[in-house]
Amino acid sequence: KIPKRKRIIGVLGCMAERLKEDMFKDGTADMIVGPDAYRDLPRLISALAPIPSSTPGQPQFGMPMMERALNVELSFDETYADITPVRANPGDVHAFV
């Protein structure tokens, strides 16, 4: 039987950055990511719900499971110039607003 992975609630963007303390305190979110930290999403998700490796008891990348993940550092270099939106299945729901 394949074990179920943990559901992760993430809030991304400038308001997430501004309200991070309240959202963690209220339990609204497991992950808060500022607008410039989108490239860090794979690492943050893996830290919250590691993919089991082939060796029992060892999470992928050797990272321990965390309860919360946060990256709200602003970048002086990010321009978003190389971002092209791609949808694998245009009819699928990808996010809720």
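Note that this is a predicted model, so its numbers are computed, not measured.

What to know about the nonpolar core
Grouped together as the largest cluster of nonpolar side chains are 7 residues: Met31, Val33, Ala37, Leu41, Leu44, Leu48 and Ala69. Within the residue set of this core, elements represented by two or more residues are β2 (31-33) and α3 (41-48). Ranked by the residues each element gives to this core, the list is headed by α3, at 3 residues. With residues near it in sequence (within four places) discarded, Val33 still touches Val11, Leu12, Gly13, Ala16, Tyr38, Leu41, Leu44, Asn71 and Val72. Met23, Phe24, Ile32 and Val72 belong to the second largest nonpolar core, which has 6 residues in total.

Regarding the pattern of salt bridges
If you walk through the whole model with that rule in mind, you get 3 salt bridges. Glu78 serves as the salt-bridge partner of Arg39, at 3.2 Å between the closest nitrogen and oxygen. Here Glu78 lies in the segment after β3 (69-71) and Arg39 lies in the loop between β2 and α3, a separation of 39 residues in the sequence. Relative accessible area serves as the criterion here: at 19%, Glu78 is assigned to the buried category. The partner of Arg43 in a salt bridge is Asp40, with the nearest N and O atoms 2.8 Å apart. Using a relative accessible area of 42% as the deciding quantity, one classes Arg43 as partly exposed. The network of salt bridges with common partners includes Arg39, Glu78 and Asp82.

Topic: α3
Where α3 is concerned, the buried positions are Leu41, Leu44, Ser46, Ala47 and Leu48. In this structure, the buried side of α3 is in contact with β1 (10-12), β2 and β3.

What about the environment of Arg39?
Under the relative-accessibility criterion, Arg39 is labelled partly exposed at 49%. For Arg39, the contacting residues outside a window of four places in its chain are Glu78 and Asp82. A distance of 3.2 Å separates the side chain of Arg39 from the side chain of Glu78, its partner in a polar contact.

With respect to the packing of aromatic side chains
This structure, assessed with the given rule, holds 0 aromatic pairs. One residue, Arg68, lies across the ring of Phe24, its end atom 4.3 Å from the ring centre.

Focus on the confidence of the model for the protein chain
For any part of a model where pLDDT is low, the fine detail of the predicted coordinates should not be relied upon. Per-chain confidence: the protein chain averages 78 in pLDDT, with 72% of residues scoring 70 or above. Helix α1 (residues 14-18) is the least confidently modelled element of the protein chain, averaging 87 in pLDDT, while β2 averages 93, the highest of any element.

Some details on the sheet that holds β3
If you walk across this open sheet you meet the 3 strands as β1-β2-β3, and the pairing is parallel. On the outer flanks of this sheet lie β1 and β3, each paired with one strand and no other. Averaged over all pairs of adjacent strands, the angle between strand axes in this sheet comes to 10°, irrespective of strand direction. In this structure, β1 lies alongside β2, joined through 3 bridges in parallel fashion. Each residue of the ladder has a partner; that of Gly10, found in β2, is Met31. Relative to β2, α3 is tilted by about 170°, and along the sheet it contacts β1, β2 and β3.

Scoring rules and cut-offs
Residues numbered from 1 in each chain as written. Predicted model: local features only at pLDDT ≥ 70, side-chain atom pairs only at ≥ 80, totals over all residues. Heavy atoms only, no water. Core = buried A, V, L, I, M, F, W, Y, C linked by side-chain atoms within 4.5 Å. Buried < 20%, exposed > 50% of the residue type's maximum accessible area, 1.4 Å probe, protein only. Helix = DSSP H or I, 4+ residues; strand = E, 2+ residues; numbered from the N terminus. Contact = heavy atoms within 4.5 Å. Salt bridge = Lys/Arg side-chain N within 4 Å of Asp/Glu carboxyl O. Polar contact = N/O pair within 3.5 Å; in protein donor to acceptor, adjacent residues only side chain to side chain. Phe/Tyr/Trp six-rings, centres within 6.5 Å; stacked < 30°, edge-to-face > 60°. Lys NZ or Arg CZ within 6 Å of the ring centre and 35° of its normal. pLDDT = per-residue confidence, 0-100. Pairing = 2+ DSSP bridges. Axes fitted to C-alpha atoms, helices over the stretch in contact; angles between N-to-C directions.

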